[in-house]
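Next come the chains, spelled out residue by residue.
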Amino acid sequence: MQPYIGRFAPSPSGPLHFGSLVAALASYLDAHAHAGKWLLRIDDLDPPRVVPGAAQQIIDALRCHGLLWDGEICWQSQRSAAYASALQTLRNRRLLYFCDCTRAMLADAGGTYRGRCRDRGLKANSPMACRVRLDGHTIRFTDLFQGPQSSCPLQESGDFVVQRKDRLYAYQLAVVVDDASSGVTHVIRGADLLDSCGRQIYLQQLLGFDTPVYGHVPVASTVYGQKLSKQNLSPEIERHAALDNLLAALRFLGQTLPAQPQSNSAELLHWAVRNWRRDQVPHSMAQVYES
Ligand code: GLU
């Protein structure tokens, strides 16, 4: 059997809320139910978005829910050399170019980059974004929970940014490099990331990496259809209610709950691993969660 390596990769832009607990739990259960490892990566790639103390809050919240990871925590802020090397690979293959388009120009184009700088041969004498040159091929994959998917990054996003004007590496590049270097075989995460999956698989193909199995679980939303997220200041999950939070997350994931009450998180997780059913996870992109 191929070894299973899964991971949870929160951005420390706020404390752990119910939506991120669901993603953490789903990836933890799927990994353990397949005798796999479960890694923790802190996606602190983007200093302006990092909220001081949030990474530690997330780590503490995971611990007090019994969601213990294998090995060392990976911090994206310490991985610049790996991202630089991946960029160099793309540059050597002449797949990168500089772009000086402004936000206003991009907004005018309706969000899809139309390749204005593709053949301008710009030199980065001043700060400029760096984009990857795409061909028009379609990426197809089957998501464990959302079913067959197809995506054509050239049509959907256009040549996308791999290094920003402020020299920060783009999320799509960092995720792909990190998942590959930690040998991740299964990515279970929130469905809000489904639309970036095509770009990530595209980059994996360019960089010669294996594509993991993907499973996107529904995101938790308010009754008004707003996704629970750190950005919209969803409340931090209450740590003293770990058992109840885990039960609520299991219910959200369509799992059957134990008939007998479990006395602590570790016991409940143990039970949940043995009873994890992928086919019971709802196939929707979002689900209302009323706390
Ligand atoms: N760090 C990303 C987020 O919190 C998730 C990355 C991933 O799971 O691929 O939205």
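Quick note: structure is the one above.
All of the points below concern the structure found in this document. What you see is a predicted model, and the numbers here were worked out from it, not measured in a lab.

**Some words on the packing of aromatic side chains**
Two measures describe an aromatic ring pair: the distance that separates the ring centres and the angle between the ring planes. Summed over the entire model, instances satisfying the criterion amount to six aromatic pairs. Consider the rings of Phe141 and Tyr214, whose centres lie 6.0 Å apart with planes at 65°: the pair is edge-to-face. Of this pair, Phe141 sits in strand E6 (residues 139-143) while Tyr214 sits in strand E10 (residues 213-217), and the two are 73 residues apart along the sequence. Each member of the pair, Phe141 as well as Tyr214, is classed as buried. Grouped by ring-pair contacts, the aromatic residues Phe8, Tyr28 and Trp38 constitute a single cluster. One residue, Arg131, lies across the ring of Tyr113, its end atom 3.6 Å from the ring centre.

**Structural notes on the sheet that holds strand E3 (residues 74-75)**
Read across the open sheet, the three strands follow the order E1-E2-E3; overall the sheet is parallel. Here the strands that pair on one side only, and so sit at the sheet edges, are strand E1 (5-8) and E3. Relative to strand E2 (residues 37-42), helix H2 (residues 54-64) is tilted by about 160°, and along the sheet it contacts E1, E2 and E3.

**Points about the site of the ligand**
Around the ligand, the structure places Arg7, Ala9, Pro10, Ser11, Asp43, Tyr171, Val175, Arg189 and Leu193. The separation between a nitrogen atom of the ligand and a polar side-chain atom of Asp43 is 2.7 Å. Taking Arg189, its side chain carries an N or O atom lying 2.7 Å from an oxygen atom of the ligand. Notes on the ligand: free accessible area 300 Å², of which the protein chains cover 82%. Tallied by class, the residues present in the shell around the ligand amount to five nonpolar, one polar and three charged.

**What about the packing of helix H3 (residues 80-92) against helix H6 (residues 171-181)?**
Working note: a packed helix pair is described by the angle between its axes plus the distance between those axes. Running from N to C, H3 and H6 cross one another at 105°; their axes reach a closest spacing of 10 Å. Between H3 and H6, the crossing angle belongs to the class labelled roughly perpendicular. Two secondary-structure elements touch here, H3 through Ala82, Tyr83, Ala86, Leu87 and Leu90 and H6 through Leu173, Ala174, Val177 and Asp178. Looking at the contact of H3 with H6, its residues break down into eight nonpolar, no polar and one charged.

**So, the sheet that holds strand E4 (residues 96-99)**
Read across the open sheet, the three strands follow the order E4-E5-E8; overall the sheet is antiparallel. Both outer strands of the open sheet, E4 and strand E8 (161-163), are each paired with one neighbouring strand and no more. Taking each pair of neighbouring strands and ignoring which way they run, the sheet shows an average axis angle of 45°. Pairing of strand E5 (residues 129-132) with E8 involves two bridges; the strand directions are antiparallel. In the strand pairing of E8, Arg131 is matched with Val161.

**Remarks on the pairing of strand E7 (residues 147-151)**
Two elements, E6 and E7, share five bridges in a ladder whose sense is antiparallel. Residue pairing for E7: Ile139 is matched across the bridge by Ser151. Following E6, the chain reverses through three residues before pairing antiparallel with E7.

**A closer look at the pattern of salt bridges**
Counted by the stated rule, this structure contains 14 salt bridges. Note that Asp100 and Arg116 form a salt bridge whose closest N and O atoms lie 3.2 Å from each other. Here Asp100 is found in the loop between E4 and helix H4 (103-108), whereas its partner Arg116 is found in the loop between H4 and E5, with 16 residues between them in sequence. Under the relative-accessibility criterion, Asp100 is labelled partly exposed at 33%. The exposure class of Arg116 is partly exposed, given its relative accessible area of 41%.

**What about the packing of helix H1 (residues 18-33) against helix H9 (residues 265-274)?**
Two elements in contact, H1 and H9, have axes whose closest approach is 8 Å; the angle formed by their N-to-C orientations is 65°. Considering only the axes of H1 and H9, their crossing is right-handed. Contacts between H1 and H9 pair Leu25, Tyr28, Leu29, His32 and Ala33 from the former with Leu269, Ala272 and Val273 from the latter. When grouped by side-chain class, the residues that make up the contact of H1 with H9 number seven nonpolar, one polar and no charged.

**Quick word on the pairing of E2**
Counting buried positions along E2 yields five of six residues, so the element is predominantly enclosed. Relative to E2, E1 runs parallel, the two being bridged by four bridges. Pairing of Arg7 across the sheet is with Leu39, part of E2. Chirality of the crossover, the property in question, places the unit of E1, H1 and E2 among those that are right-handed. When E2 meets E3, the two strands line up parallel, connected through two bridges. When the bridges of E3 are listed, Arg41 appears paired with Cys74.

About the thresholds
- Residues numbered from 1 in each chain as written.
- Predicted model: local features only at pLDDT ≥ 70, side-chain atom pairs only at ≥ 80, totals over all residues.
- Heavy atoms only, no water.
- Phe/Tyr/Trp six-rings, centres within 6.5 Å; stacked < 30°, edge-to-face > 60°.
- Helix = DSSP H or I, 4+ residues; strand = E, 2+ residues; numbered from the N terminus.
- Buried < 20%, exposed > 50% of the residue type's maximum accessible area, 1.4 Å probe, protein only.
- Lys NZ or Arg CZ within 6 Å of the ring centre and 35° of its normal.
- Pairing = 2+ DSSP bridges.
- Contact = heavy atoms within 4.5 Å.
- Axes fitted to C-alpha atoms, helices over the stretch in contact; angles between N-to-C directions.
- Near = heavy atom within 4 Å.
- Polar contact = N/O pair within 3.5 Å; in protein donor to acceptor, adjacent residues only side chain to side chain.
- Areas by Shrake-Rupley, 256 points an atom, 1.4 Å probe, with all protein chains shown as cover.
- Nonpolar A, V, L, I, M, F, W, Y, C, P; charged D, E, K, R; others polar.
- Parallel < 35°, antiparallel > 145°, perpendicular 65-115°, else oblique.
- Salt bridge = Lys/Arg side-chain N within 4 Å of Asp/Glu carboxyl O.
- Left-handed = near helix turned anticlockwise from the far one by under 90°.
- Right-handed = clockwise from strand over helix to strand, strands pointing away.

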